[in-house]
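Report on the structure
Residue strings, one per chain:
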Amino acid sequence: ILDEVRSFIEAHEWLGTLSLYPSHFFTARYKGVLAGVVIMDMPNCFSKMLGDNTKQLERLISRGACISWSPKNLASKLIGFAIRWMVKNTKYRLFTAYSDVEAKELGTIYQACNFYYIGRKSGTKAQYKIREGKWVSDRYFRSRSVYKKLAKDNDIRWELDWSKGDRVYFDRMPVEIVSRLKYLSKEYMKSCESRKVEPKHKYAFVLGANKIETKRL
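Our subject in this report is the structure included herewith.

About the thresholds
Residues numbered from 1 in each chain as written. Predicted model: local features only at pLDDT ≥ 70, side-chain atom pairs only at ≥ 80, totals over all residues. Heavy atoms only, no water. Phe/Tyr/Trp six-rings, centres within 6.5 Å; stacked < 30°, edge-to-face > 60°. Helix = DSSP H or I, 4+ residues; strand = E, 2+ residues; numbered from the N terminus. Buried < 20%, exposed > 50% of the residue type's maximum accessible area, 1.4 Å probe, protein only. Pairing = 2+ DSSP bridges. Polar contact = N/O pair within 3.5 Å; in protein donor to acceptor, adjacent residues only side chain to side chain. Contact = heavy atoms within 4.5 Å. Axes fitted to C-alpha atoms, helices over the stretch in contact; angles between N-to-C directions. Parallel < 35°, antiparallel > 145°, perpendicular 65-115°, else oblique. Nonpolar A, V, L, I, M, F, W, Y, C, P; charged D, E, K, R; others polar. Right-handed = clockwise from strand over helix to strand, strands pointing away. Patch = residues over 30% accessible without salt bridge, like charges linked within 9 Å, V, L, I, M, F, W, Y side chains within 5 Å. Areas by Shrake-Rupley, 256 points an atom, 1.4 Å probe, with all protein chains shown as cover. Salt bridge = Lys/Arg side-chain N within 4 Å of Asp/Glu carboxyl O. Lys, Arg positive; Asp, Glu negative; His and termini not counted. Charge placed at Lys NZ, Arg CZ, Asp CG, Glu CD.

1. Points about the packing of aromatic side chains
Counting across every chain of the model gives 12 aromatic pairs. Ring geometry for phenylalanine 115 against phenylalanine 205: centres 5.2 Å apart, planes inclined by 45 degrees, an arrangement best described as tilted. On the criterion of sequence distance, the pair formed by phenylalanine 115 in the loop between helix H3 (108-112) and strand S5 (116-122) and phenylalanine 205 in strand S11 (residues 200-206) is long-range, its members being 90 residues apart. No difference in accessibility class separates phenylalanine 115 from phenylalanine 205, as the two residues are buried.

This is how it looks when you write it as structure tokens:
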């Protein structure tokens, strides 16, 4: 399903690429034909909207798109379904989303879904064009995949216990290797073409497993 979702997003979503850390995919189909996609992701940066434990409760709606012939309310229906499924089957209770000013998005769909409007002060301030031609935020250069590639390119042997999933454990590395990897990461970012990015509109939705939990959150 990953390849199918990737092709759909590349064809129908403004950014045209998958997000860095997708964790859940939701699809809508008509007679077996893919008509809509919503992707949940690890947030670009964690907030404290629900207190110090927010990191354990938050997911980002990182990508979403519908095919041209789909019903006009499919996007909001699919987002609503995705959130309810997440609440029923996972620990997540806070769902954030951005509307990109460059794409002339206002967040109409999130407004229709009764999201809270957080304001227009969010998102990265700059993007960088990596060697593959893709524009990314500064977070990309601190990802596990980049650190591992930099290690390989610079003859640094990557030990198995240095990472798990998308997480990198610097406290398990020798100090000199930590310094070297972070230096290489910064130099890689500096070497890339950069551009300024307009702040995005941010929205948030809170839903608990029941009315009592929702009210408490």
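2. Side note on the sheet that holds strand S6 (residues 126-129)
With antiparallel pairing, the 3 strands of this open sheet are ordered in space as S7-S6-S10. Strands with a single pairing partner mark the edges of an open sheet, and in this sheet they are strand S7 (135-136) and strand S10 (193-196).

3. A few points about the environment of aspartate 155
Within the fold, aspartate 155 resides in the loop between helix H4 (144-153) and strand S8 (163-164). Distance from aspartate 155 to glutamate 4, taken between C-alpha atoms, is 36 Å for residues 151 residues apart in sequence.

4. Description of the side chain of arginine 59
Relative to the helices and strands, arginine 59 resides in strand S3 (residues 58-66). Within the local environment of arginine 59, its side chain forms a polar contact with the side chain of serine 23, the two groups lying 3.1 Å apart. Not counting residues up to four positions away in its chain, the partners in contact with arginine 59 are Ser23, Met40, Asp41, Met42, Pro43, Met86, Tyr92, Leu94, Phe95 and Thr96.

5. Remarks on the packing of H4 against helix H5 (residues 175-191)
At a minimum axis distance of 10 Å, the contact between H4 and H5 shows a crossing angle of 105 degrees. Considered as vectors, H4 and H5 are oriented roughly perpendicular to each other. Touching Val146, Tyr147, Leu150 and Ala151 of H4 are Leu181, Lys182, Leu184, Ser185 and Tyr188, all from H5. The class makeup of the residues in the contact of H4 with H5 is 7 nonpolar, 1 polar and 1 charged.

6. Comments concerning the pairing of S3
Across the 9 residues that make up S3, a large majority, 7, are buried. In terms of strand pairing, strand S2 (residues 33-41) meets S3 through 6 bridges, oriented antiparallel. Paired with valine 37 across the strands is alanine 65, a residue of S3. You can see the chain leave S3, run along helix H2 (residues 74-89) and come back into strand S4 (residues 94-99), and the turn it takes is right-handed.

7. Overview of a positive patch on the surface
Residues Lys55, Lys164, Arg167 and Arg172 make up a contiguous surface patch of positive charge. Note that lysine 164 resides in strand S8. Using a relative accessible area of 64% as the deciding quantity, one classes lysine 164 as exposed.

8. With respect to a nonpolar patch on the surface
A surface patch of nonpolar side chains, about 330 Å² in accessible area, is lined by Tyr30, Val33 and Trp69. Here tyrosine 30 shows up in strand S1 (residues 22-30).

9. Looking at the environment of lysine 202
The residue lysine 202 is located in strand S11 in this model. The exposure class of lysine 202 is buried, given its relative accessible area of 8%. Sequence separation between lysine 202 and asparagine 89 is 113 residues, and the spatial gap between their C-alpha atoms is 25 Å.

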